[in-house]
Amino acid sequence: MKSFNIGMVGYKFMGKAHSHAYKDLHMFFPQTAVPKMKLICGRDESGVSSAAEQFGWDGYVTDWRDLVTHLDVDIVDINAPSDAHKEIALAAAKAGKHLFCEKPLALTLADAREMLEAAEKAGVKHMVGFNYRFAPAVQLAKKLVESGRLGDIYHFRAWFLQDWIVDPMFPLVWRLQKEIAGSGSHGDLGAHLIDLAHFLVGDMTEVIGMSETFIKERPLPSSMTGLSAKGSKDAPRGPVTVDDATLFMARFANGALGSFEATRFAPGHRCTNSFEINGSKGSVKFDFERLNELQVYFTSDDEDVQGFRRVLATDSSHAYMDAWWPAGHTIGYEHTFVHEVVELMNAISEDRQPVPNFADGVKCQEVLEAVDQSIAQRRWVSISEV
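Conventions and cut-offs
Residues numbered from 1 in each chain as written. Predicted model: local features only at pLDDT ≥ 70, side-chain atom pairs only at ≥ 80, totals over all residues. Heavy atoms only, no water. Helix = DSSP H or I, 4+ residues; strand = E, 2+ residues; numbered from the N terminus. Rg over C-alpha atoms; globule rule 2.2 N^0.38 Å. Buried < 20%, exposed > 50% of the residue type's maximum accessible area, 1.4 Å probe, protein only. Contact = heavy atoms within 4.5 Å. Areas by Shrake-Rupley, 256 points an atom, 1.4 Å probe, with all protein chains shown as cover. Phe/Tyr/Trp six-rings, centres within 6.5 Å; stacked < 30°, edge-to-face > 60°. Lys NZ or Arg CZ within 6 Å of the ring centre and 35° of its normal. Pairing = 2+ DSSP bridges. Axes fitted to C-alpha atoms, helices over the stretch in contact; angles between N-to-C directions. Parallel < 35°, antiparallel > 145°, perpendicular 65-115°, else oblique. Left-handed = near helix turned anticlockwise from the far one by under 90°. Core = buried A, V, L, I, M, F, W, Y, C linked by side-chain atoms within 4.5 Å.

Would you explain the overall build of the protein in this entry?
Summing up its helical and strand segments, the protein has 10 helices and 19 strands in all. In terms of C-alpha radius of gyration, the protein reaches 21 Å, essentially the compact-globule figure of 21 Å for 386 residues. By its C-alpha atoms, the protein is 65 × 55 × 40 Å across when sized along the principal axes. Going through the 386 residues of the protein one by one, you find that 55% of them count as buried. A fraction of 70% describes how many contacts in the protein between residues 6 or more apart in sequence connect residues 24 or more apart. About 16600 Å² of surface is accessible on the protein, with carbon and sulfur atoms providing 49% of the total.

What follows is the structure, encoded as structure tokens:
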């Protein structure tokens, strides 16, 4: 059985998700190569040493340069904040390491293209972390589109709604600072919607958008981790330099129309990542807060029973589910990361590029920047312009 040694940069929200995936992979997917959790990296020694012990890593380092050049590391997993992605990826590629990088791939399109070029030049495998593709219900939607069962695709509409920063006293975490995050809801949430659109419907040709930052300043944090933070309302304030909400419309190369909404200012929506696809023969609807379900409608049904049906995508006929539990026993968010790692391990073992890879990350970044350009210039922008 093949095995690959993992070196991971980052140990908080995504670090825990990725660690869990590596630990559980071989229990449920025994035919895949084995990911060995060799080294984890973080700047704070106390935090990263605790994470190494808790998550089950063999060891830790506090400088990512020591990790990417380590002789026993085969794959470098990058889930540090977005501003660190490029430098780490370029160094790891130069060292001949395979790459697994969280989204968005980089702060800018130019940086994303440089990362892709470096990976291709080095001849290493590269994957970008669009985990929502790997929900079995989303895989079923892809199957229905590709098989033609929905007919010609007319509409793709998607929305990713959260509410974790509605309180104006919520601290100024790094995700609200452009120099670290690159963008706000647009790059964080909207990137997932864009990738799902590419995966399910195809390439976009032009976009037009608008955005808003509702809270211009916030208290500086005393501590932060994941999507949570602590601070005082009396603390000094700093400017919010990213969008709180971005909406855009798009045209697809196949003639379909698209609408996209990403916001962190939708009270009551914890993680409403949803899409709907309308075709000439039917429609599908997905909501990540009910990730095991796909709503399906076919125009060919008899008129007296027409309507959306709930398909519980937990049978062995659904992607990845033959590895898990009996039909009807649902899976969760963490399983999408396990499925990502299945693809990563299989691709490297089979000497092919994983999907999605850095090329998909670049395509996503092209749309993100075309929307930004559209907002700045208040006009439709062709993807070919960026």
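Would you mind showing me how to read the packing of aromatic side chains here?
To describe a pair of aromatic rings, one takes the distance between the centres and the angle between the planes. Evaluated as defined, the whole model comprises 21 aromatic pairs. With centroids separated by 4.4 Å and ring planes inclined at 5°, the aromatic side chains of Phe248 and Phe260 adopt a geometry described as stacked. Placement of the pair is Phe248 in strand 13 (residues 245-252) and Phe260 in strand 14 (residues 257-263), with a sequence separation of 12 residues. You can call Phe248 buried: its relative accessible area is 4%. Sitting over the ring of Phe199, Lys142 keeps its end group 4.8 Å from the ring centre. Directly above the ring of Phe308 sits Lys285, whose terminal nitrogen or CZ lies 4.2 Å from the centroid.

Is there a simple way to explain the pairing of strand 15 (residues 272-279) in this structure?
It is a general feature of regular strands that their side chains alternate between the two faces of the sheet. Of all eight residues that make up strand 15, eight are buried, and the element is covered over most of its length. Residue alternation in strand 15 divides its side chains into two sets, Thr272, Ser274, Glu276 and Asn278 and Asn273, Phe275, Ile277 and Gly279, and both sets are buried. Pairing of strand 7 (residues 153-161) with strand 15, which is carried by eight bridges, proceeds in the antiparallel orientation. Paired with His155 across the strands is Asn278, a residue of strand 15. Note: strand 15 against strand 16 (residues 282-287), five bridges, orientation antiparallel. Paired with Phe275 across the two strands is Phe286, which belongs to strand 16. Where strand 15 folds back on strand 16, the antiparallel hairpin that results is connected by two residues.

Honestly, the packing of helix 8 (residues 185-200) against helix 10 (residues 358-377) in this entry has me stumped. Any pointers?
Two numbers describe how helix 8 lies on helix 10: the axes approach to 9 Å, and their chain directions differ by 120°. The orientation of helix 8 with respect to helix 10, classified from their angle, is oblique. Here helix 8 runs over helix 10; the crossing is right-handed. Side by side, helix 8 and helix 10 meet where His186, Gly187, Ala191, Ile194, Asp195 and His198 of the first sit next to Asp360, Lys363, Cys364, Val367, Leu368, Val371 and Asp372 of the second.

How should I be thinking about the nonpolar core in this particular structure?
Ranked by internal contacts, the top residues of the largest apolar core, which has 112 residues, are Phe156, Leu200, Met204, Phe260 and Phe275. In terms of residue count, the dominant contributor to this core is helix 8 (eight residues). Within the second largest apolar cluster, 10 residues are counted, among which are Trp164, Val173, Val242 and Phe265.

Where do I start with the sheet that holds strand 5 (residues 98-102) in this structure?
Pairing between sheet strands relies on hydrogen bonds along the backbone, with the strands arranged either parallel or antiparallel. Here six strands make up an open sheet; going across it, the order is 3-2-1-4-5-6 and the pairing parallel. The open sheet is flanked by strand 3 (59-61) and strand 6 (126-129), the only strands paired with a single partner. Across this sheet, the average inter-strand angle for adjacent strands is 25°, counted without regard to direction. Two elements, strand 1 (residues 3-9) and strand 4 (residues 75-78), share four bridges in a ladder whose sense is parallel. If you follow Gly7 over to strand 4, its bridge partner there is Val76. Contacts from helix 1 (residues 13-28) reach strand 1, strand 2 (34-41), strand 4 and strand 5, with the element oriented near 155° to strand 2. Of the strands in this sheet, strand 1, strand 2, strand 4, strand 5 and strand 6 touch helix 9 (residues 333-349), which is tilted by about 170° from strand 6.

Would you mind going over the sheet that holds strand 17 (residues 293-298) with me for this structure?
Within the open sheet, the nine strands sit side by side as 18-17-16-15-7-14-13-8-19. Their pairing is mixed. Two strands close off the open sheet at either side, each with one partner strand: strand 18 (309-312) and strand 19 (381-382). Note that strand 8 (residues 204-212) and strand 13 share eight bridges and pair antiparallel. Bridging across to strand 13, Glu206 finds its partner in Arg251. On the sheet, helix 10 packs against strand 8, strand 13 and strand 19 and is oriented at approximately 55° with respect to strand 8.

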